[in-house]
Amino acid sequence: AIRNGVRSGCKGAGIQDTPENLWSFFISRIRKNLHMSLCFSPVGDAMRNRARKFPALVNCTVIDWFQPWPMDALYNVGAKFLEPIEQLGPLDSPVRLGIMD
């Protein structure tokens, strides 16, 4: 089923459709298009234990640490993205301010 699913893409790329080429083409598309997001809490021993058992979690990934945002930063981001929406009324309207609070 996998071979038949990638056969047209393989031919479109100008690659001969042998079983080995079809499998290589399939794997290359997976590597190109598969993206995953894993969320772990750094609190406690769980993340350290997982990193020890599965070193690729640290060595082969991009780790983004997200910290809580200050309230004024959240407010300013909300105000910036709501500013162009005319249906909310003027910048000091109760509707607009209620959404941001």
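For the structure given in this document, a descriptive report is provided here. Computed from a prediction, not measured in an experiment: that's the story for all the values here.

## Re the overall build of the protein chain
Thinking step 1. For the protein chain, the count of helices and strands is six helices and zero strands.
Thinking step 2. Listing every helix and strand of the protein chain by position from the N terminus yields α-α-α-α-α-α.
Thinking step 3. With the principal axes as the frame, the protein chain shows a C-alpha extent of 65 × 45 × 20 Å.
Thinking step 4. With 101 residues in all, the protein chain has 9% of them scored as buried.
Thinking step 5. Partitioning the contacts of the protein chain with sequence separation of at least 6, the portion at a separation of at least 24 is 6%.
Thinking step 6. Taken as a whole, the protein chain presents about 8700 Å² of accessible surface, with 60% of it coming from carbon and sulfur.
Thinking step 7. In the protein chain, which carries 12 positive and 9 negative side-chain charges, the distance between the mean positions of the two groups comes to 19 Å.

## Side note on the side chain of R96
Thinking step 1. Tracing the backbone shows R96 in helix α6 (residues 94-100).
Thinking step 2. Nearest to the buried, unbridged R96 among oppositely charged side chains is E83, at 7.1 Å.
Thinking step 3. Here the side chain of R96 touches I85 through a polar contact of 2.9 Å, landing on its backbone oxygen.
Thinking step 4. Ignoring any residue separated from it by four or fewer positions in sequence, one finds R96 in contact with L82, E83, I85, L88, G89, P90 and L91.

## Focus: the pattern of salt bridges
Thinking step 1. Under the defined criterion, the tally for this structure stands at three salt bridges.
Thinking step 2. Across the pair D17 and R7 runs a salt bridge whose closest N-O atoms are separated by 3.1 Å. Placement of D17 in the loop between α1 (2-12) and α2 (19-33) and of R7 in helix α1 is noted, with a sequence separation of ten residues between them.
Thinking step 3. Judged by its relative accessible area of 26%, D17 is partly exposed.
Thinking step 4. Note on R7: relative accessible area 26%, which makes it partly exposed.
Thinking step 5. A salt bridge links D17 to K11, with the nearest nitrogen and oxygen atoms 3.8 Å apart.
Thinking step 6. Since its relative accessible area comes to 52%, K11 is described here as exposed.
Thinking step 7. A cluster of three or more residues bridged by salt bridges with shared partners is formed by R7, K11 and D17.

## Considering the environment of T61
Thinking step 1. Topologically, T61 is positioned in the loop between α4 (56-59) and α5 (71-82).
Thinking step 2. In this structure the C-alpha to C-alpha distance between T61 and L91, which are 30 residues apart in sequence, comes to 42 Å.
Thinking step 3. A distance of 2.4 Å separates a polar atom in the side chain of T61 from the backbone oxygen of L57.

Thresholds applied
Residues numbered from 1 in each chain as written. Predicted model: local features only at pLDDT ≥ 70, side-chain atom pairs only at ≥ 80, totals over all residues. Heavy atoms only, no water. Helix = DSSP H or I, 4+ residues; strand = E, 2+ residues; numbered from the N terminus. Buried < 20%, exposed > 50% of the residue type's maximum accessible area, 1.4 Å probe, protein only. Contact = heavy atoms within 4.5 Å. Areas by Shrake-Rupley, 256 points an atom, 1.4 Å probe, with all protein chains shown as cover. Lys, Arg positive; Asp, Glu negative; His and termini not counted. Charge placed at Lys NZ, Arg CZ, Asp CG, Glu CD. Salt bridge = Lys/Arg side-chain N within 4 Å of Asp/Glu carboxyl O. Polar contact = N/O pair within 3.5 Å; in protein donor to acceptor, adjacent residues only side chain to side chain.

Without other data, these values stay purely geometric and don't point to any function.
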